[in-house]
Amino acid sequence: MDVTYPASPYQRWLAMTTAGREGLQAGGVIDVTGCLDAALLGTAVEQVVSRHGALRTRISTVAAAPFAVQVVTDAPPCGQAAGGGIAFGVEISELAAGTHRVTMRMPASVLDPTSFAIMARELAVIAGGRALEPDPVQFAEFSDWRNEITGDAVPWLPAVPPRTPFTVHRASEPLTPRLHQAVAAVASAAGATFSDVLLTAWLAYLWRFEPERSCTVRAADDIRGADPELQGVVGRVTAYLPVTVTFGPGVPFIEAVGLVAEARTAAAEAGERALAG
């Protein structure tokens, strides 16, 4: 049986800005050293999928709704969900003798990065023979709460999607221990977060191309930490808030980090004030 409920405000914005790119996937990996019991993993995955409706969700549209909706189905844990939507999927690959990688995938409009961390913890608890906390808050409940506050509006995000098509390019470069320590030291000295330093570096790079203009990027805002009841929610809880900063000539990097931290905090507070009405 399928159950339909409105998409959250941020999911509605995603639906507007990613039209034609609905196949964008989010993923998480777990590296397992030693013997991997595939049957036990399969059982654990089934339990986690049964606990969280978001893992059986697809984003769809219906004629009666002015925006995207979420459809929770009783589809199997892996493969195709009812109606052709992509279900939560798990793959196992062997990296080396005695080392395996478990890869989890789901549409990015349904899950955020923290969701994969929550799922990894729950899989470890089940595999260890321990009991999980009962009755986690469902993303449908979180989404209803956000929609009760905002109505049809998406208060802290642009009312219209970008008009210029763009292509997403993803790349990753692991930080060396030495660089990790250096970034952490700058964050500590500036009274900012590790992410603020990385965000400042990216803004400083963008500013080199248009030094006379403010640069705007989006910073992750995960409100799970502000409410203990939300810490176990699996779904697209994290929103990406616009952070705009202008660097004047000769601004020291550590001062720029402070400016970025202030702008990110202000964006988060503005979003919460808008949600609070």
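Residues numbered from 1 in each chain as written. Predicted model: local features only at pLDDT ≥ 70, side-chain atom pairs only at ≥ 80, totals over all residues. Heavy atoms only, no water.

(A) Examining the packing of helix H2 (residues 38–51) against helix H3 (residues 113–127) more closely. Interaxial distance between H2 and H3 falls to 9 Å at its minimum, and their mutual angle equals 125 degrees. Of the possible angle classes, the one that applies to H2 and H3 is oblique. In the crossing of H2 with H3, the sense of the turn from one axis to the other is right-handed. Where H2 approaches H3, its residues Leu40, Ala44, Val45, Gln47, Val48 and Arg51 are matched on the opposing element by Met119, Glu122, Leu123, Ile126 and Ala127. (Axes fitted to C-alpha atoms, helices over the stretch in contact; angles between N-to-C directions. Helix = DSSP H or I, 4+ residues; strand = E, 2+ residues; numbered from the N terminus. Parallel < 35°, antiparallel > 145°, perpendicular 65-115°, else oblique. Left-handed = near helix turned anticlockwise from the far one by under 90°. Contact = heavy atoms within 4.5 Å.)

(B) The arrangement of the pairing of strand E7 (residues 215–221) in detail. Burial of E7 is one-sided: the residues Cys215, Val217, Ala219 and Asp221 facing one way are buried, the residues Thr216, Arg218 and Ala220 facing the other way are not. Relative to strand E8 (residues 239–245), E7 runs antiparallel, the two being bridged by seven bridges. In the strand pairing of E8, Asp221 is matched with Ala239. (Buried < 20%, exposed > 50% of the residue type's maximum accessible area, 1.4 Å probe, protein only. Pairing = 2+ DSSP bridges.)

(C) Just the nonpolar core, in detail. If you look at the biggest cluster of nonpolar residues, it comprises 30 residues, and the most contacted ones within it are Leu55, Phe88, Leu111, Phe116, Met119, Phe139 and Val234. Broken down by secondary-structure element, the contributors of at least two residues to this core are strand E2 (25–33), H2, strand E6 (99–107), H3 and helix H4 (139–150). Apart from the residues lying within four places of it in its own chain, the contact partners of Phe116 are Ala26, Gly27, Gly28, Met104, Arg105, Met106 and Leu111. Core analysis: the second largest hydrophobic core is formed by 15 residues, Trp207, Ala219, Val243 and Val260 among them. (Core = buried A, V, L, I, M, F, W, Y, C linked by side-chain atoms within 4.5 Å.)

(D) Structural detail: the pattern of salt bridges. Enumeration according to the criterion identifies six salt bridges in this entry. Asp112 is paired through a salt bridge with Arg224; the nearest N and O atoms lie 2.9 Å apart. Here Asp112, found in the loop between E6 and H3, pairs with Arg224, found in the loop between E7 and E8; they are 112 residues apart in sequence, far enough to count as distant. Here the two residues Asp112 and Arg224 agree in accessibility, since each one is buried. Between Asp196 and Arg264 there is a salt bridge; the shortest N-O distance is 2.6 Å. Of this pair, Asp196 sits in helix H6 (residues 194–207) while Arg264 is found in helix H7 (residues 253–276), placing the two residues 68 residues apart along the sequence. Of the residues examined, Asp196 reaches a relative accessible area of 0% and is grouped as buried. The class of Arg264 is partly exposed, set by a relative accessible area of 25%. Members of the salt-bridge network, linked through shared partners, are Asp112, Asp222 and Arg224. (Salt bridge = Lys/Arg side-chain N within 4 Å of Asp/Glu carboxyl O.)

By themselves these figures say nothing about function.
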